[in-house]
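Understanding the architecture of this molecule
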Amino acid sequence: MNLKIISIFFLAIFIPTSLLAYFGILAVRSEKDIVERNMVQKYKAMADIVEGQIKETLSQASHEELADTSYWESVLVSQAAIFKNEVAIFTSKGRPLNPASAPLSEAVFSRPLTRLPYVIAVYERYPMILEQLEARRQGLVLYIGLIAFSVFSILVGSFYTLSALAREWRFAQLKSEFVAHLSHDLRRPLTSIQMFSEMLKEGHVPGEEKKQEYYNIIANESDKLTHLANNILDFSRIERKRIRYNFEQADITNIVRDTVDRFKTYMLDDKRDVTLEMDPCPPVKVDVHTMTQAVMNLLTNAAKYSPPGTPIAVSVRDLKKEVAINVVDQGYGIPASEQKKIFKKFYRVSKPYVAQIEGSGLGLTLVQYTAEAHGGKVRVESEEGKGSKFSIVLPV
């Protein structure tokens with residue numbers, strides 16, 4: 001995903017959505033905290049009133065009364081009775097001074113009395129309020145969960161949408177590059193055909209030998225145009241799922257031999273050695289036209305992406321249950337990070353020298369489609385700067 005898409009995602013979606021979620025959760029939590037704080041303040045105020053009354057009463061008692069524990073406890077119980085059953089006094093060990101008091105564990109608020117070995121406990125007079133408060137708390141948790149889920153859904157959906165948009169942008173860019181390369185690929189052979197045909201037509205070619213040379217050039221350029229047109233037509237049929245294969249038992253070595261001979265004629269202007277080694281192989285069920293086109297694509301790629309004059313080695317190997325067609329060059333090689341991408345439609349290796357080489361970005365895509373249609377696969381072994389080996393492996 002490019003920088004533009006990432007910037008749009010963060011500035012237009014991630015940051016606003018995160019702020020919305022933050023302030024939404026903050027508002028929900030604030031309401032929850034206010035309710036709980038008000039309840040605690042109420043209980044604390046009740047405890048303060050009772051404790052104040054206790055201190056005031058004890059401050060007026062005589063020394064003899066203060067020395068009597070029963071007097072102390074009677075004062076504590078009587079002052080706690082101000083709030084009837086809402087406040088109770090317990091010893092530090094948890095014994096209630098009023099046997100009718102509820103257990104200390106049920107108190108909603110408790111604290112030690114200042115300078116006295118007793119604990120004051122406050123109870124909610126209306127339990128329904130606590131139930132409503134708990135229901136409210138659970139509702140707030142649900143709201144927070146819904147906000148978090150909504151934010152997550154928005155971010156995931158937006159990320160997926162922008163990822164798809166980035167792929168479409170990239171695909172559109174590749175299509176644009178494909179059209180540009182295709183125009184260049186068409187212009188060169190058409191220019192050669194037009195130039196040499198006009199020279200022959202106007203009789204400006206001296207001698208039969210020169211004429212034959214020009215005829216060969218016109219034929220070779222026509223073959224290049226035919227190969228390019230076949231690639232585009234095959235790709236179009238595959239994209240529309242309208243390609244039909246005519247499978248038949250055939251000798252794969254004959255197909256490869258004929259394709260190599262055609263390739264040598266096709267590349268007359270590029271003097272290089274093309275070696276061919278073949279094992280005796282059993283007949284293979286293939287579509288001759290598409291398999292010929294696939295092998296030709298591997299050969300033309302080997303020639304385009306290797307320096308002029310470097311050899312190309314072609315071999316057919318019998319692997320018992322499979323047959324492998326190998327094309328090996330000593331060219332520029334393919335970086336490891338790009339080796340899975342090269343089979344994508346319109347894709348070309350992102351190296352400066354590639355942009356100056358003719359190509360549509362369809363050749364290897366068609367090779368992979370053809371191999372898979374035959375129940376086989378394509379393998380690539382390559383090291384940058386040392387060359388590549390492409391193999392079409394077919395079941396026998």
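Residues numbered from 1 in each chain as written. Predicted model: local features only at pLDDT ≥ 70, side-chain atom pairs only at ≥ 80, totals over all residues. Heavy atoms only, no water.

With respect to the overall build of the protein chain
Each helix and strand in the protein chain was counted, giving 8 helices and 10 strands. Residue burial in the protein chain is summarised as follows: out of 396 residues, 39% are buried. Nonlocal contacts in the protein chain, meaning residues at least 24 apart in sequence, comprise 71% of its contacts between residues at least 6 apart. Surface exposure of the protein chain reaches about 23,300 Å², of which carbon and sulfur atoms provide 57%. (Helix = DSSP H or I, 4+ residues; strand = E, 2+ residues; numbered from the N terminus. Buried < 20%, exposed > 50% of the residue type's maximum accessible area, 1.4 Å probe, protein only. Contact = heavy atoms within 4.5 Å. Areas by Shrake-Rupley, 256 points an atom, 1.4 Å probe, with all protein chains shown as cover.)

Section: the nonpolar core
Residues Ile252, Phe263, Leu299, Ile312 and Ile392 are the most contacted members of the largest nonpolar core, which totals 36 residues. At the level of elements, helix H6 (252-266), strand S6 (284-287), helix H7 (288-304), strand S7 (312-318), strand S8 (322-329), helix H8 (363-373) and strand S10 (387-395) are the ones that each hand at least two residues to this core. Residue contributions to this core peak at 8 residues, all from H7. Dropping the residues within four chain positions of it, Ile312 is found in contact with Phe263, Arg272, Asp273, Val274, Thr275, Leu299, Ala302, Ala303, Val327 and Val328. Residues Val50, Leu58, Ile89 and Leu113 belong to the second largest nonpolar core, which totals 20 residues. (Core = buried A, V, L, I, M, F, W, Y, C linked by side-chain atoms within 4.5 Å.)

Observations concerning the pairing of strand S1 (residues 87-91)
Walk down a regular strand and you will see the side chains alternate between the two sheet faces. Counting buried positions along S1 gives 5 out of 5 residues, so the element sits mostly inside the fold. Side chains Val87, Ile89 and Thr91 of S1 all project onto a buried face; the interleaved residues Ala88 and Phe90 project onto the opposite face, where all are buried too. The pairing of S1 with strand S3 (residues 118-122) spans 5 bridges and is antiparallel. Among the inter-strand pairings, Thr91 is bridged to a residue of S3, identified as Tyr118. (Pairing = 2+ DSSP bridges.)

What to know about the sheet that holds S3
Within the open sheet, the 3 strands sit side by side as S1-S3-S2. Their pairing is antiparallel. The sheet terminates laterally at S1 and strand S2 (109-112), the two strands that pair on one side only. Taking each pair of neighbouring strands and ignoring which way they run, the sheet shows an average axis angle of 20°. Examined bridge by bridge, S2 and S3 share 4 bridges and lie antiparallel to one another. Note on S3: the bridge partner recorded for Arg111 is Ile120. (Axes fitted to C-alpha atoms, helices over the stretch in contact; angles between N-to-C directions.)

A look at the environment of Pro117
Of note, Pro117 is situated in the loop between S2 and S3. Separated by 27 residues in the primary sequence, Pro117 and Phe90 place their C-alpha atoms 8.9 Å from one another. Dropping the residues within four chain positions of it, Pro117 is found in contact with Thr91 and Ser92.

Things to note about the sheet that holds strand S9 (residues 377-383)
Strands belonging to one sheet form pairs held by backbone hydrogen bonds; the direction of such a pair is parallel or antiparallel. Taken together, the 5 strands give an open sheet; going across it, the order is S5-S7-S8-S10-S9, and neighbouring strands pair in mixed fashion. Of all the strands in the sheet, just strand S5 (274-278) and S9 have a single pairing partner and so form its edges. Each neighbouring strand pair of the sheet contributes to a mean axis angle of 15°, computed without reference to strand direction. Alignment of S8 against S10, held across 7 bridges, turns out to be antiparallel.

Details of H7
Its 17 residues place the ends of H7 24 Å apart at the C-alpha level, agreeing with the 24 Å of an ideal helix rising 1.5 Å per residue. With 14 of 17 residues buried, H7 is to be regarded as a mostly interior element. (Expected span 1.5 Å × (residues − 1).)

Quick word on the side chain of Asn326
Its location among the elements puts Asn326 in strand S8. Judged by its relative accessible area of 7%, Asn326 falls in the buried class. Of note is the side chain of Asn326, whose polar atom sits 2.6 Å from the side chain of Ser391. (Polar contact = N/O pair within 3.5 Å; in protein donor to acceptor, adjacent residues only side chain to side chain.)

Comments concerning the pattern of salt bridges
Counted under the stated rule, the structure contains 7 salt bridges. With a closest N to O distance of 3.9 Å, Glu51 and Lys55 form a salt bridge. Here Lys55 and Glu51 lie together in helix H1 (residues 3-59), a separation of 4 residues that amounts to about one turn. A salt bridge links Lys386 to Glu383, with the shortest nitrogen-to-oxygen separation between them at 3.5 Å. One continuous salt-bridge network, built from bridges that share partners, spans Asp48, Glu51, Lys55 and Arg111. (Salt bridge = Lys/Arg side-chain N within 4 Å of Asp/Glu carboxyl O.)

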